[in-house]
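# Structural overview for review
Here are the chains, one letter per residue:
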Amino acid sequence: MKRIFSGVQPTGNLHLGNYLGAIRNFVALQEDYEGIYCVVDMHAITIWQEPEELRRHTREVTAAYLAAGIDPKRSIIFNQSQVAAHAELAWIFNCVTRLGWLNRMTQFKDKAGKNRENASSGLYVYPNLMAADILAYKATHVPVGEDQKQHLELARDIAQKFNNDFKTEFFPIIEPLILGTATRVMSLRDGARKMSKSEPSDMSRINMTDEADQIAQKVRKAKSDMELLPGPGVLNEAGRVPEEAREARPEAFNLLGIYAALSNRALSDVLTEFEGQQFSSFKKELTDLAVEALGPMGAEMKRLMADPAQVDAVLKDGGERARAIAAPILEEVYDIVGFLRP
Ligand code: TYM
């Protein structure tokens, strides 16, 4: 069976983008793949995290995985720091990756901001750790949202350079799986910005644990425009929104895309249904749909977070199973590199 690896950072404020772009796909894919789903706590500390908050958020991501429907018996759910192979393989990759490759990473530039001198060196080598996460299990497929594409291309380059340098076929070439109609969910306050955990305004995102009244308020206040909703005529032959149309009405297409994803319908269907309608009536329907989809899951997350022993037991079991896969792979890597293991 092919093996999948993916991860989510425990940095709080898990939102609809994380769900539609990633977690929901993890659930669907566990049918056909061996799934390894990680809570990447080592990635989280590339930016300062309060220790107590980090523990709470690690349990929150685990609770989201479980509440969304990942089966911890069938798939492996664990937090990254339990498996030393991630850090160990990342060191090897620090010595494979070229500085020029890291300098091209847009996420580093975004996250480091203007004060780049003050960013942690961990933030800079973050993509090497991400490649190690995947390749420590020789996973071949990686479901993610669109924003992770550049990191996965780098992971492919790292695997390829390692294989070339050591004249081996050891690491597989990774395939990103960017699936569904909501691979890039945008902020509710600004259709040109990604919905993000770190955006200061909570009104910019729908959180996985939001209550019905919070969802209703956020959708009602979501930025829109003055026109009526577009019809399916705007789509191109591939059934996609052309770039110019999206740029002209980013908020409208974001909300319509969220509706399509939550209702599991094609965007063309949704456009046909709402063509020519006002935002106000559409927003009511979107609220109902979001509450229906997220309500039970949010309640289950809260139940699980109130029972940390249950969550921790899942992580412990997953950690053991993950170590059993990664440890022998790392031994082979050390042998290929020429480390003596007396
Ligand atoms: P993170 O924690 O930022 O996000 C988790 C997942 O959610 C997706 N995502 C989105 N999808 C659609 N719309 C959005 N607005 C949106 N925001 C986030 C992300 O693409 C991601 O799939 N570097 C990764 C974590 C990671 C990882 C890995 C992923 C570490 N190691 C190995 C895959 C394989 C990250 O920061 O995700």
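On a predicted model such as this, the values are computed, not experimentally measured, just so you know.

Another point: the overall build of the protein. Summing up its helical and strand segments, the protein has 14 helices and five strands in all. On C-alpha atoms alone, the protein measures out to a radius of gyration of 21 Å, which is about the 20 Å that the 2.2 N^0.38 rule sets for 342 residues. Judged by the C-alpha coordinates and their principal axes, the protein covers about 70 × 45 × 45 Å. In the protein, which comprises 342 residues, the share counted as buried stands at 51%. Across the protein, every contact between residues at least 6 apart in sequence was considered, and the portion connecting residues at least 24 apart equals 77%.

Per the stated rule, a full pass over the model turns up 22 salt bridges. Note that Glu 53 is salt-bridged to Arg 56, the shortest N-O span being 3.4 Å. Of this pair, Glu 53 and Arg 56 both sit in helix H3 (residues 51–68), separated by three residues, roughly a single helical turn. Owing to a relative accessible area of 32%, Glu 53 belongs among the partly exposed residues under this scheme. In this structure Arg 56 comes out as partly exposed when scored by relative accessible area, which is 42%. Salt bridges sharing common partners tie together Asp 202, Arg 205, Asp 210 and Lys 218.

What follows is about the nonpolar core. Of all hydrophobic cores here, the largest spans 61 residues; its most connected members are Ile 23 and Tyr 65. Per-domain counts for this core show at least three residues from each of domain 1 (3–181 + 308–337) and domain 2 (202–304). Apart from the residues within four sequence positions on either side, Tyr 65 is in contact with Ser 6, Gly 7, Val 8, Ile 23, Phe 26, Tyr 37, Cys 38, Val 39, Ile 70 and Ile 77. Listed in part, the 47 residues of the second largest apolar core include Val 83, Ile 92, Phe 171 and Ile 174.

Moving on: the packing of helix H7 (residues 121–135) against helix H8 (residues 149–165). Look at H7 against H8: their axes get within 9 Å of each other, and the N-to-C directions meet at 70 degrees. Comparing the axis directions of H7 and H8 gives the class roughly perpendicular. When you trace H7 past H8, the crossing you get is right-handed. Touching Tyr 126, Pro 127, Asn 128, Met 130, Ala 131, Ile 134 and Leu 135 of H7 are His 151, Leu 152, Leu 154, Ala 155, Ile 158 and Ala 159, all from H8. Of the residues in the contact of H7 with H8, the class split is eleven nonpolar, two polar and no charged.

Here the focus is the pairing of strand E3 (residues 76–79). Covered by surrounding structure in E3 are Ile 76 and Phe 78 together with Ile 77 and Asn 79, the residues of both alternating faces. Where strand E2 (residues 34–39) and E3 come together, four bridges link them in parallel fashion. Within the sheet, the bridge partner assigned to Cys 38 lies in E3 and is Phe 78.

This part covers the packing of aromatic side chains. For the structure on display, the rule yields 14 aromatic pairs. Cluster of aromatic residues (ring-pair linked, three or more members): Phe 93, Phe 162, Phe 166, Phe 170 and Phe 171. The ring centre of Phe 170 lies 3.7 Å from the NZ or CZ of Lys 138, which sits over that ring.

Neighbouring residues of the ligand: 28 residues in total, closest Tyr 126, Asp 133, Asp 147, Val 185 and Lys 197. Within the side chain of Gln 9, a nitrogen or oxygen atom sits 2.8 Å from an oxygen atom of the ligand. Protein chains shield 97% of the accessible area of the ligand, which is 720 Å² for the free molecule. When residues of the shell around the ligand are traced back to their parent elements, those giving at least two are strand E1 (3–8), helix H1 (16–29) and H7.

Reading guide: rules and limits
- Residues numbered from 1 in each chain as written.
- Predicted model: local features only at pLDDT ≥ 70, side-chain atom pairs only at ≥ 80, totals over all residues.
- Heavy atoms only, no water.
- Helix = DSSP H or I, 4+ residues; strand = E, 2+ residues; numbered from the N terminus.
- Rg over C-alpha atoms; globule rule 2.2 N^0.38 Å.
- Buried < 20%, exposed > 50% of the residue type's maximum accessible area, 1.4 Å probe, protein only.
- Contact = heavy atoms within 4.5 Å.
- Salt bridge = Lys/Arg side-chain N within 4 Å of Asp/Glu carboxyl O.
- Core = buried A, V, L, I, M, F, W, Y, C linked by side-chain atoms within 4.5 Å.
- Domains from an automatic or database assignment.
- Axes fitted to C-alpha atoms, helices over the stretch in contact; angles between N-to-C directions.
- Parallel < 35°, antiparallel > 145°, perpendicular 65-115°, else oblique.
- Left-handed = near helix turned anticlockwise from the far one by under 90°.
- Nonpolar A, V, L, I, M, F, W, Y, C, P; charged D, E, K, R; others polar.
- Pairing = 2+ DSSP bridges.
- Phe/Tyr/Trp six-rings, centres within 6.5 Å; stacked < 30°, edge-to-face > 60°.
- Lys NZ or Arg CZ within 6 Å of the ring centre and 35° of its normal.
- Near = heavy atom within 4 Å.
- Polar contact = N/O pair within 3.5 Å; in protein donor to acceptor, adjacent residues only side chain to side chain.
- Areas by Shrake-Rupley, 256 points an atom, 1.4 Å probe, with all protein chains shown as cover.

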